[in-house]
Number of protein chains: 2
Amino acid sequence: MERFNIDNLIVGCGFTGITLANKLADCLGEKVLIIDVKDHIAGNCYDYFDKNGICVHQYGTHIFHTNNKRVWDYLSQFTKWYPYQHKVRGYIDGQEVPIPFNLNSIHQVFPEYLANLLEKKLIDTFGFNVKVPILELKKTGDKDLLFLAEYVYDKVFLHYTLKQWGMKPEDLDMSVTGRVPVYISRDNRYFQDKYQGIPMEGYTKLAQKMLDNPKIEVKLKTSYQDIKSCVNYKRLYYTGPIDEFFGFTEGELPYRSLKFDFVELNKPYFQSGACINYPNNYDFTRIGEYKYFLDNQSDKTVISFEYPQNFEQGKNERYYPIISKENEDLYQKYLSKAQKEKNIYFCGRLGGYKYLNMDQAIGAALELFEQSTRG
Amino acid sequence: MERFNIDNLIVGCGFTGITLANKLADCLGEKVLIIDVKDHIAGNCYDYFDKNGICVHQYGTHIFHTNNKRVWDYLSQFTKWYPYQHKVRGYIDGQEVPIPFNLNSIHQVFPEYLANLLEKKLIDTFGFNVKVPILELKKTGDKDLLFLAEYVYDKVFLHYTLKQWGMKPEDLDMSVTGRVPVYISRDNRYFQDKYQGIPMEGYTKLAQKMLDNPKIEVKLKTSYQDIKSCVNYKRLYYTGPIDEFFGFTEGELPYRSLKFDFVELNKPYFQSGACINYPNNYDFTRIGEYKYFLDNQSDKTVISFEYPQNFEQGKNERYYPIISKENEDLYQKYLSKAQKEKNIYFCGRLGGYKYLNMDQAIGAALELFEQSTRG
């Protein structure tokens, strides 16, 4: 087979790869071939409008939020934003209460006198509009604040975390455990970032606009294996799994994955917001209701039940790198190999074995573009 | 080119010019030529009904309010009024809360015991139904009132003002800063004026009615430059920029401008009122939702995101004179020149380099009519 030449080969058509493709083509006028094994662009941010006009996130709820003005302005060239501000509630003792657990949550689940007492102690001790880790509550030695810390640990954190990571309680790292916050505020939002929203026409449309350049060729259902023997490139940006690139020689980097059960319901709304956590009931961690993101109007609604599970090749998708000393060491072995490669850049969540929010991924891609094309 | 004669030439077809035209034609039976560079009448008050029957204000939200019965009665000859009373809310800590910050706002953002405490201290110290500048709160030396003052400064005033004027915090004039009020009241309205409303058929229709006199000729897309060499007049009323009239000989008077991003949404309502400020999120200052003004009924809604920016000739419109000693001095130079002109009257927001509410502009025009036609 004859080899063809391309300036840049990008493996993976998620937002890391798309950002690189966009910058290489738009700013440098270079040719880009971007491939993905999936049959669609936008990676795990992929969404689509269903027959009822509801924008469904196929790989689970995605909310864009950032304090990075550069990233926000960059994306705003390609999309308007629906000014959605994310609120998460947890189904706790039979009610949908704000998460992180805040003053409103306290008033929802506790009787009035106890709520007032907790509220006053919290504000007097820590001030207003601050997030306080439950470990700090325990340290006060106050029996009411201790009660609150234990309530939050047990009802909000513990069982959710066990489901999310498939762990047993004894495996829980106490340094993580103590970090669960109580938010001494009536702000029910999950994020306080300056910029927050959902692309007005969805993530997929945003991705399309970023790729809309004659210098960019997109090949779907194509793996790096399929193509590597027939392409010469000046630079390779690899956003796939770094262990796979090296043939798993050092072993597999483990990931946690998710399974989604989508259901269409014949009613306008199912729950009080886009995301309700179920720490203490069922085996799913949460239910997503998609019409809330863009306020799609319909007599129907689409929800998804989200079941965490381990990643298995060929069965599901890689979602969350699993943080541990052992896995970090394994990743470092691959990183050493990677650093010996010339003109190959490993990036993105799978390339760097690191959880990245969308804004972090795009911010890092913008930086990598500059770094890798300098001088 | 032959010159033609007209009793009165009016430059600018905003409400200052329109009021003058109306009075000159209706009361004196004089001929009026009124011109505007825009392709429509009503200046920055221009509005139109879109395909969904929503009355959109093309240059941002305009609410008529006045205590001046003369102005109200004058306009009421030409329009009925929809008795809209304006309420502004700010998106603060995840909620839409009344602005100016009032007792309802306090109960929305603070927990109950703290809200009750603040409410009692405010009323005991300052009384009920008064607007108290945060500087006065600070002066009490009370730690809770100080907390409130700082909260309002930070969450309501500071970041909004920085966006509105494109300033850095260190450029903020402390004498202005301290004037931000807390309204010790449960009145959520933005204005307490006796008369308040929206012209039942919109501002443009009101303007049309005022100009509906055979003695008045309207020429659009026409500048003073275009016409000045071919017209003789008894009086010239100039509501355009005074610096432009004199060829910018002393320098340009700076203005702050606005950019609007209009979006039609496929839902009945987007927010809880016509105007929500966003002090702490995004780069726009506020979102306007137009159907609230006349309560237009539609399954759709139109909103606008409002981005302050500096005025640039040919790029955007003049909105707000920028108050400073330097600019005031510059304006005074032009004013001295203006005072030497015979039978030329500089008026309106641009003619006087002064922010005027609609009622002030119309009131001033009524007075100028009398003054300039006396004896």
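The rules we used
Residues numbered from 1 in each chain as written. Chains lettered and ligands numbered in written order. Predicted model: local features only at pLDDT ≥ 70, side-chain atom pairs only at ≥ 80, totals over all residues. Heavy atoms only, no water. Helix = DSSP H or I, 4+ residues; strand = E, 2+ residues; numbered from the N terminus. Rg over C-alpha atoms; globule rule 2.2 N^0.38 Å. Buried < 20%, exposed > 50% of the residue type's maximum accessible area, 1.4 Å probe, protein only. Contact = heavy atoms within 4.5 Å. Areas by Shrake-Rupley, 256 points an atom, 1.4 Å probe, with all protein chains shown as cover. Lys, Arg positive; Asp, Glu negative; His and termini not counted. Charge placed at Lys NZ, Arg CZ, Asp CG, Glu CD. Phe/Tyr/Trp six-rings, centres within 6.5 Å; stacked < 30°, edge-to-face > 60°. Domains from an automatic or database assignment. Polar contact = N/O pair within 3.5 Å; in protein donor to acceptor, adjacent residues only side chain to side chain. Pairing = 2+ DSSP bridges. Axes fitted to C-alpha atoms, helices over the stretch in contact; angles between N-to-C directions. Least-squares fit on C-alpha atoms with pLDDT ≥ 70 in both. Buried area = accessible area lost by both parts, 1.4 Å probe. Salt bridge = Lys/Arg side-chain N within 4 Å of Asp/Glu carboxyl O. Nonpolar A, V, L, I, M, F, W, Y, C, P; charged D, E, K, R; others polar. Expected span 1.5 Å × (residues − 1). Parallel < 35°, antiparallel > 145°, perpendicular 65-115°, else oblique. Left-handed = near helix turned anticlockwise from the far one by under 90°. Disulfide = S-S within 2.5 Å.

What about the overall build of chain A?
Within chain A, the regular secondary structure consists of 14 helices and 20 strands. Relative to a compact globule of 375 residues, whose C-alpha radius of gyration would be 21 Å, chain A shows 23 Å and is just as compact. Per-residue burial over chain A gives 57% buried out of 375 residues. Long-range contacts, defined as pairs at least 24 residues apart, comprise 74% of the intrachain contacts of chain A with a sequence gap of at least 6. Element-wise, carbon and sulfur atoms account for 49% of the exposed surface of chain A, whose accessible area totals about 16800 Å². Taking the average place of the 47 positive charges on the side chains of chain A and the average place of its 48 negative ones, the gap between the two points comes to 3 Å.

Focus: the packing of aromatic side chains
Residues and elements named next belong to chain A. With the rule as written, the count across this model stands at 85 aromatic pairs over all chains. Considering the side-chain rings of Tyr269 and Tyr292, the 5.2 Å spacing of their centres and the 35° angle between planes classify their relative orientation as tilted. Remark: Tyr292 occurs in helix α11 (residues 291–294) and Tyr269 occurs in the loop between β15 (255–265) and β16 (275–277); sequence separation between them is 23 residues. Residue classification places Tyr269 among the partly exposed residues on the basis of a relative accessible area of 33%.

Considering the domain arrangement of chain A
Interface size is often expressed as the accessible area that is lost when the parts come together. Considered domain by domain, chain A is made up of domain 1 (4–41 + 211–253 + 322–373) and domain 2 (101–184). On a C-alpha basis, the centroid separation for the pair domain 1 of chain A and domain 2 of chain A is 40 Å.

Concerning the side chain of Gln196(A)
Residue position: Gln196(A) is located in strand β12 (residues 195–199). Within the local environment of Gln196(A), its side chain forms a polar contact with the backbone nitrogen of His86(A), the two atoms lying 2.6 Å apart. Setting aside chain neighbours within four positions, we find Gln196(A) in contact with Ile63(A), Phe64(A), His65(A), Trp72(A), Tyr82(A), Pro83(A), Tyr84(A), Gln85(A), His86(A), Phe191(A) and Tyr282(B).

Thoughts on the side chain of Thr66(A)
Residue and element names in this part refer to chain A. Along the chain, the position of Thr66 falls in strand β5 (residues 64–66). A polar contact is formed between the side chain of Thr66 and the side chain of Asp359, at a distance of 2.7 Å. Setting aside residues up to four positions removed in sequence, Thr66 forms contacts with Trp72, Asp193, Lys194, Tyr195 and Asp359.

Overview of the environment of Pro181(A)
Residue and element names in this part refer to chain A. You can see Pro181 is positioned in strand β11 (residues 181–184). As a C-alpha pair, Pro181 and Leu137 span 44 residues in sequence and 9.5 Å in three-dimensional space. Aside from chain neighbours lying at most four places away, what touches Pro181 is Pro100, Phe101, Lys131, Val132 and Pro133.

Focus on the sheet that holds strand β13 (residues 231–238) of chain B
Residue and element names in this part refer to chain B. The strand order across the open sheet formed by five strands is β12-β2-β1-β13-β19, and the pairing between neighbours is parallel. Single-partner strands in this sheet number two, and they are β12 (216–219) and β19 (344–346). Along the sheet, successive strands turn relative to each other by an average axial angle of 25°, direction set aside. Summarising the sheet, β13 and β19 pair through three bridges and their orientation is parallel. Bridge assignment links Tyr237 to a residue of β19, and that residue is Tyr345.

Details of the relation of the copies chain B and chain A
The two copies are related by a screw motion: chain B maps onto chain A through a turn of 77° and a shift of 0.8 Å along the axis, at an RMSD of 0.1 Å. Between the two chains, the operation in question is that of a five-fold axis. Looking at the rotation axis and the C-alpha trace of chain B, the residue lying nearest is Glu112(B), at 8.3 Å.

Quick notes on the interface of chain B and chain A
Opposite the 27 residues of chain B that make contact, chain A presents 28 residues. Interface area, chain B with chain A, both sides summed: about 2300 Å², of which 51% is carbon and sulfur. Among the residues chain B hides against chain A, the three largest losses belong to Tyr113(B), Tyr282(B) and Asp283(B). Together they make up 29% of the total. There are four salt bridges connecting chain B and chain A. Asp295(A) is the salt-bridge partner of Lys267(B), the closest N and O atoms lying 2.5 Å from each other. Mapped by element, the contributors of at least two residues to the side of chain B that touches chain A are α3 (103–109), α4 (112–126), α6 (143–165) and β14 (255–265) of chain B. Partitioning the side of chain B that touches chain A into residue classes produces 14 nonpolar, seven polar and six charged.

Some remarks on helix α1 (residues 15–28) of chain B
Residue and element names in this part refer to chain B. Across its 14 residues, α1 extends 19 Å between first and last C-alpha, which sits within 8% of the 20 Å expected from 1.5 Å per residue. Among the 14 residues of α1, eleven are classified as buried, and the element is accordingly described as predominantly covered. Of the residues making up α1, those classed as buried are Phe15, Thr16, Gly17, Ile18, Thr19, Leu20, Ala21, Asn22, Lys23, Leu24 and Ala25. Two residues or fewer past α1, Gly29 is found with a positive phi of approximately 65°.

Let's talk about the environment of Val71(B)
Residue and element names in this part refer to chain B. Along the polypeptide, Val71 turns up in helix α2 (residues 69–76). On the basis of relative accessible area, Val71 is assigned to the buried category, the value being 1%. In this structure the C-alpha to C-alpha distance between Val71 and Leu366, which are 295 residues apart in sequence, comes to 8.3 Å. Among all residues touching Val71, those that are not within four sequence positions of it are Phe64, Asp359, Ile362, Gly363 and Leu366.

Looking at the pattern of salt bridges
For the coordinates displayed, the defined rule picks out 42 salt bridges over all chains. Asp144(A) serves as the salt-bridge partner of Lys143(A), at 3.2 Å between the closest nitrogen and oxygen. Given the relative accessible area of 63%, Lys143(A) is considered exposed. Of the charged contacts in the structure, one is a salt bridge between Glu30(B) and Lys234(B), with a shortest N-O distance of 2.8 Å. Note that Glu30(B) is positioned in the loop between α1 and β2 (32–35) and Lys234(B) in strand β13, a separation of 204 residues in sequence. One continuous salt-bridge network, built from bridges that share partners, spans Lys69(A), Asp73(A), Lys194(A) and Asp283(B).

Considering the environment of Met358(B)
Residues and elements named next belong to chain B. Positionally, Met358 belongs in helix α14 (residues 358–373). Here the alpha-carbon distance between Met358 and Phe64, two residues 294 residues apart in the chain, equals 6.6 Å. With residues up to four places along the chain from it excluded, the contact list for Met358 reads Cys45, His62, Ile63, Phe64 and Tyr203.

Quick word on the packing of α1(B) against α14(B)
All names here are of chain B. One way to put it is that α1 packs onto α14 with a least axis distance of 9 Å and a crossing angle of 40°. The angle between α1 and α14 falls in the class oblique. Of the two possible hands of crossing, α1 and α14 adopt the one that is right-handed. Judged by residue contacts, Phe15, Thr16, Thr19, Leu20, Lys23, Leu24, Cys27 and Leu28 of α1 engage Ala361, Ile362, Ala365, Leu366, Leu368, Phe369 and Thr373 from α14. Here the residues of the contact of α1 with α14 are counted per class, giving eleven nonpolar, three polar and one charged.

Re the state of the cysteines
Covalently bonding the sulfur atom of one cysteine to the sulfur atom of another cysteine gives a disulfide. Residues and elements named next belong to chain A. Going through the model one piece at a time under the given rule, you end up with zero disulfides over all chains. Lacking any disulfide linkage, Cys13 is separated from the closest cysteine sulfur, that of Cys45, by 11 Å. By relative accessible area, Cys13 is classed as buried at 0%. For the unlinked cysteine Cys275, the closest cysteine sulfur is that of Cys45, found at 16 Å.

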